Amino acid sequence: TGSSSWVFAVRSGGATGVVVKGLEDRNPISFRMEDKGEVKCIKFSLGNKILAVQRTLKSVDFLNFIPDSPQLEYTQECKTKNANILGFCWTSSTEIVFITDQGIEFYQVLPEKRSLKLLKNQSINVNWYMYCPESSVILLSTTVLGNVLQPFYFKSGTMSKLSKFEIELPAAPKSSKLSLSERDIAMATIYGQLYVLYLRHHSRTSNSTGAEVVLYHLPREGSCKKTHILKLNRTGKFALNVVDNLVVVHHQDTETSVIFDIKLKGEFDGSATIHQFVLPPRSIQPYQIPVADSSSWIVFQPDIIISASEGYLWSLQVKLEPVVNLLLDKGKLMDFLLQRRECKMVILSVCSQMLSETERGSLSVIATVFDKLNHEYKKYLEAEQSYTMVVEAGLSRSNPLLKRPVRTQAVIDQSDMYTHVLSVFTEKKEAPHKFTIAVLMEYIRSLNQFQIAVQHYLYELVIKTLVQHNLFYMLHQFLQYHVLSDSKPLACLLLSLESIYPPAHQLSLDMLKRLSTANDEIVEVLLSKHQVLAALRFIRGIGGHDSISARKFLDAAKQAEDDMLFYTIFRFFEQRNQRLRGNPSFTPGEHCEEHVTFFKQVFGEQALMKPTTF
């Protein structure tokens, strides 16, 4: 009932006890009730507030489970004369629908008064019914053949009739008797839309290769249309489930199941899209117990399987890891994985796998995968951006339906790729360096193509890889043609390469100038990266070395824990003092006493510069 699936075990009409268990719920509910005959149907309202029990074809009994409310049973007979109740559905915690063979009756339950109030009823011939709690839609099978389906939608006390539609039967029925069984129909929400799934067992006369599942899209407004056909390519007994937006079709004879994904491309035959199964048929992996004879299985929507003979209830789940080795087309695999709930780590492992030595993909395949990931990433960034704009413009109050975009696991950003895939891949050093660089550049190209700002750490990875392999000419070209976008962190990285590649100094300064960075900020950045000599050279290069603070540089040199560096910096400032003031020693205003003491400790007093007189 409702969103959680409950199973009722009723012993001797309830007199010796009723036990109610759910999948998630660890605490079963147990109670007793009077034995007033065989229980045909028993269900709790949403939130387990009221219990409804059907024992006859004419009425339903109710029992309150609300603290401090009357505990006596109360009864509601169906309003329509000579009608038989086929069943009932709770649509909320206090609203219930009776389905009879002559129509439907929508009631509000008043637990305090121990009575029901009829909200609406509708006369219509009913063969059988089906309810989808997720979407609050009841589907009725009408007409003699049973293939005209009439849906009703329920929401907070209202009942609306949706447009009825006809299921195309495989062949003209021989006689005018019920030809559409409820066994062959299911209702499920797939990718946020409600579908009616029809299992069409082909007639022997047609030259078809087996059964198929036909999907009818049932919108709130407008007509219901046949939109997808899932080809099973086999005959026999089937059952359907829907898990993680996938249609799973179980085949009893072979005890295997096939999976369909209606988001993947299919062939359009002019009226509907035809899909083949995504993966080869596979058996369900048993859960801790031997899965016995599947002929006693009962399947409930969307993802429940009950084994009546053994008294087990299972919830079906999809394991994504094995899919990776079953779907070899990486593009199709990505399309499939990106639509799944728990996909992030599997996708990242696929990316690592296609870069690994044993299963290295071609650059075109790698490019396709990167593009599919960045397409999703960009969609999320745009949604986030437009949400922020609406909020900042103060329009969110006038639009109560506005919600922050949900970041699903399909959003794989640059830090995910960097941390789990690219940095690991470059560190392994098992690929030829040309391939490594091509892969990094391919990812950057893809980000640029989707106009996503590239994070500097990706460029740093490229530069470090180029430097490791002494590919300075390539580095120079990348910078010259602005393949690597300007940024302060990147400029600092270049400055630090000066000792191994002298032109890097100038390339870095050019970049900082293009970024119109203030000179003192450049010095700060360099010092923070312990690039003390580079900072000093930079200051000399722009002619500002006479006015800089000696203490700031000596602090940075001391932090670097490199005695020779400290010596060099100290000596530089002694020479500056001599040149500007005719004396190498520091004035009290420069606050360099501790550095002078340190210098004496390490190099001895005699190492201090003597004043020179001309």
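Counting of residues starts from 1 at the beginning of each chain's written sequence and follows it residue by residue. For a predicted model such as this one, the threshold for reporting local features is a pLDDT of at least 70, and the threshold for listing and counting side-chain atom pairs is 80 or more; totals across whole chains, interfaces and linings nevertheless cover every residue. Derived side-chain values reflect all non-hydrogen atoms in the structure, with water molecules and hydrogen atoms excluded from consideration.

Peer 1: For this particular structure, what's the right way to read the overall build of the chain?
Peer 2: Here a strand is any run of E in DSSP of at least two residues, a helix any run of H or I of at least four, and the numbering for each starts at the N terminus. Scanning the chain from terminus to terminus reveals 15 helices and 28 strands. Classification of the 614 residues of the chain by burial places 46% in the buried group. Between two residues, a contact is recorded if the distance between any of their heavy atoms is within 4.5 Å. Sequence separation of at least 24 residues holds for 49% of the intrachain contacts in the chain that already meet a minimum separation of 6. All accessible-area figures derive from a Shrake-Rupley calculation using a 1.4 Å probe, and residue coverage is judged against the displayed protein chains alone. Of the roughly 31,600 Å² of accessible surface on the chain, a fraction of 52% belongs to carbon and sulfur atoms. Only protein chains enter the accessibility calculation, which uses a 1.4 Å probe. A residue is then buried if its area is under 20% of the maximum for its type, exposed if over 50%, and partly exposed in between.

Peer 1: Could you clarify how one ought to interpret the sheet that holds strand β11 (residues 115-123) in this entry?
Peer 2: Pairing between the strands of a sheet comes from backbone hydrogen bonds, and it takes one of two forms, parallel or antiparallel. The antiparallel open sheet is built from four strands, whose spatial order is β8-β9-β10-β11. Two strands bound the open sheet, and with one partner strand each, they are β8 (85-90) and β11. This sheet shows a mean twist of 20° between the axes of neighbouring strands, independent of strand direction. Any two strands with at least two DSSP-identified bridges between them are counted as paired. As paired strands, strand β10 (residues 103-110) and β11 are joined by eight bridges and run antiparallel to one another. Looking across to β11, one finds that Ile104 is bridged to Gln122. Lines are fitted to the C-alpha atoms to define the axes, a helix being fitted only along its stretch in contact, and any angle between axes, read from their N-to-C directions, falls within 0 to 180 degrees.

Peer 1: For this particular structure, what's the right way to read the pairing of strand β19 (residues 212-217)?
Peer 2: Within a regular strand, side chains alternate between the sheet's two faces. Counting buried positions along β19 gives six out of six residues, so the element sits mostly inside the fold. The two faces of β19 match: Glu212, Val214 and Tyr216 on one face and Val213, Leu215 and His217 on the other face are all buried. Bridge analysis of strand β18 (residues 193-200) against β19 gives six bridges, and the strand direction is antiparallel. For Tyr198, the partnering residue across the bridge sits in β19 and is Val214. Pairing of β19 with strand β20 (residues 225-231), which is carried by six bridges, proceeds in the antiparallel orientation. Among the inter-strand pairings, Glu212 is bridged to a residue of β20, identified as Lys231.

Peer 1: Honestly, the environment of Ile85 in this entry has me stumped. Any pointers?
Peer 2: When you line up the elements, Ile85 lands in strand β8. Residue class for Ile85 comes out buried when judged on its relative accessible area of 2%. Each C-alpha atom of the pair Ile85 and Lys58 lies 5.9 Å from the other, and the pair is 27 residues apart in sequence. Once you skip the residues sitting within four places of it in the chain, Ile85 turns out to touch Gln54, Leu57, Lys58, Ser59, Val60, Cys78, Phe98, Ile99 and Thr100.

Peer 1: How should helix α13 (residues 550-559) be read in this particular structure?
Peer 2: Every α-helix carries 3.6 residues per turn, so stepping three or four residues along brings you back to the same face. For α13, the complete set of buried residues consists of Ala550, Phe553, Leu554, Ala556 and Ala557. Across the axial projection of α13, the buried residues extend over an arc of 160°, all falling on one side. On its buried face, α13 sits against α11 (519-528), α12 (532-541), α14 (563-581) and α15 (593-603). Of the residues flanking the end of α13, it is Glu561, one or two places downstream, whose phi is positive at about 55°. Throughout, the arc means the angular range of directions from the helix axis out to the C-beta atoms.

Peer 1: Please explain the nonpolar core as it appears in this structure.
Peer 2: Side chains that are nonpolar tend, in soluble globular proteins, to be buried together. Nonpolar cores were defined as sets of buried Ala, Val, Leu, Ile, Met, Phe, Trp, Tyr and Cys residues, with membership established by side-chain atoms within 4.5 Å. Counting residues in hydrophobic clusters, the biggest one holds 102 residues, and the most contacted among them are Met417, Leu422, Leu475, Leu484 and Phe553. Here this core gets eight residues from one element, more than from any other, and that element is helix α6 (residues 433-449). For the domains described, the bounds stem from an automatic or database domain assignment. The residue makeup of this core includes at least three contributed by each of domain 2 (182-318) and domain 3 (519-613). With 24 residues, the next largest nonpolar core counts Leu162, Met187, Ile229 and Ile274 among its residues.

Peer 1: Is there a simple way to explain empty space enclosed by the protein in this structure?
Peer 2: It is a probe the size of a water molecule, rolled over the atoms, that shows where empty space is left. Detection works on a 1 Å grid of protein atoms alone, calling trapped sets that fit a 1.4 Å probe cavities and calling open sets with protein on both sides within 12 Å along at least five of seven lines pockets, with lining residues defined by an atom within 4 Å of a point. Grid points are joined across faces, edges and corners, and a volume is the space filled by probe spheres set on the points. By the definition in use, this model includes one cavity of 30 Å³ or more. Roughly 40 Å³ of volume is contained in the largest cavity. In this structure, the largest cavity is lined by Thr80, Thr100, Gln102, Gly103, Ile104, Glu105, Asn121, Gln122 and Ser123. Mapped by element, the contributors of at least two residues to the lining of the largest cavity are β10 and β11. Considering only residue class, the lining of the largest cavity consists of one nonpolar, seven polar and one charged. In the scheme used here, Gly and all other residues not listed as nonpolar or charged are polar, with Ala, Val, Leu, Ile, Met, Phe, Trp, Tyr, Cys and Pro taken as nonpolar and Asp, Glu, Lys and Arg as charged.

Peer 1: Would you take a moment to explain the packing of aromatic side chains for this structure?
Peer 2: Each aromatic ring pair is summarised here by two numbers: the centre-to-centre distance and the angle between the ring planes. Centres within 6.5 Å make a pair out of two Phe, Tyr or Trp rings, where for Trp the six-membered ring is used; the pair is then stacked when the planes are under 30 degrees apart, edge-to-face when over 60, and tilted otherwise. In this structure the tally under the stated criterion is 20 aromatic pairs. Taken together, a centroid distance of 5.0 Å and an interplanar angle of 65° make the contact between Phe106 and Phe154 edge-to-face. Highlighted residues: Phe106 in strand β10 and Phe154 in strand β14 (residues 148-155), separated in sequence by 48 residues. Arranged with centres 4.9 Å apart and planes meeting at 70°, the rings of Tyr567 and Phe603 form a pair that is edge-to-face. Taken together, the residues span a long stretch of sequence, with Tyr567 in helix α14 and Phe603 in helix α15 at a distance of 36 residues. A positively charged side chain is recorded as over a ring if its NZ (Lys) or CZ (Arg) lies within 6 Å of the ring centre. The angle to the ring normal must also be within 35 degrees. One residue, Arg340, lies across the ring of Phe336, its end atom 4.8 Å from the ring centre. Geometry around Phe598 places Lys558 over its ring, the cationic atom sitting 5.0 Å from the centre.

Peer 1: Help me understand the environment of Tyr567 in this model?
Peer 2: Relative accessible area serves as the criterion here: at 25%, Tyr567 is assigned to the partly exposed category. On a C-alpha basis, the gap between Tyr567 and Ala607 in space is 9.7 Å, while along the polypeptide they are 40 residues apart. Residues in contact with Tyr567, not counting those within four places in the same chain, are Phe599 and Phe603.

Peer 1: Help me out: how do you make sense of the packing of α11 against α12 in this one?
Peer 2: Helix packing geometry: the angle between the two helix axes and the distance between the axes. At a minimum axis distance of 8 Å, the contact between α11 and α12 shows a crossing angle of 165°. Viewed along their axes, α11 and α12 adopt a mutual orientation that is roughly antiparallel. Once α11 is placed against α12, the crossing between them reads as left-handed. Taking contact as the criterion, the partners of Asn519, Ile522, Val523, Leu526 and Leu527 in α11 are, on α12, Val532, Ala534, Ala535, Phe538 and Ile539. Looking at the contact of α11 with α12 residue by residue, the class counts come to nine nonpolar, one polar and no charged. Working definition: roughly parallel below 35 degrees, roughly antiparallel above 145 degrees, roughly perpendicular at 65 to 115 degrees, and oblique for all remaining angles. Here a crossing is taken to be left-handed if its near helix is turned anticlockwise relative to the far helix by less than a right angle, and right-handed if that turn runs clockwise.

Peer 1: Where do I start with the side chain of Glu574 in this structure?
Peer 2: Among the secondary structure elements, Glu574 is positioned in helix α14. Using a relative accessible area of 2% as the deciding quantity, one classes Glu574 as buried. With residues up to four places along the chain from it excluded, the contact list for Glu574 reads Pro584, Phe586, Leu608 and Met609.

Peer 1: Whenever I open this one, the packing of α13 against α15 confuses me. Can you help?
Peer 2: Two elements in contact, α13 and α15, have axes separated by 10 Å at closest approach and are oriented at 45°. Considered as vectors, α13 and α15 are oriented oblique to each other. Pair α13 / α15 crosses with left-handed handedness. Contact with α13, carried on its side by Arg551, Leu554, Asp555 and Lys558, involves Glu594, His595 and Phe598 of α15 and no other residues of that element.

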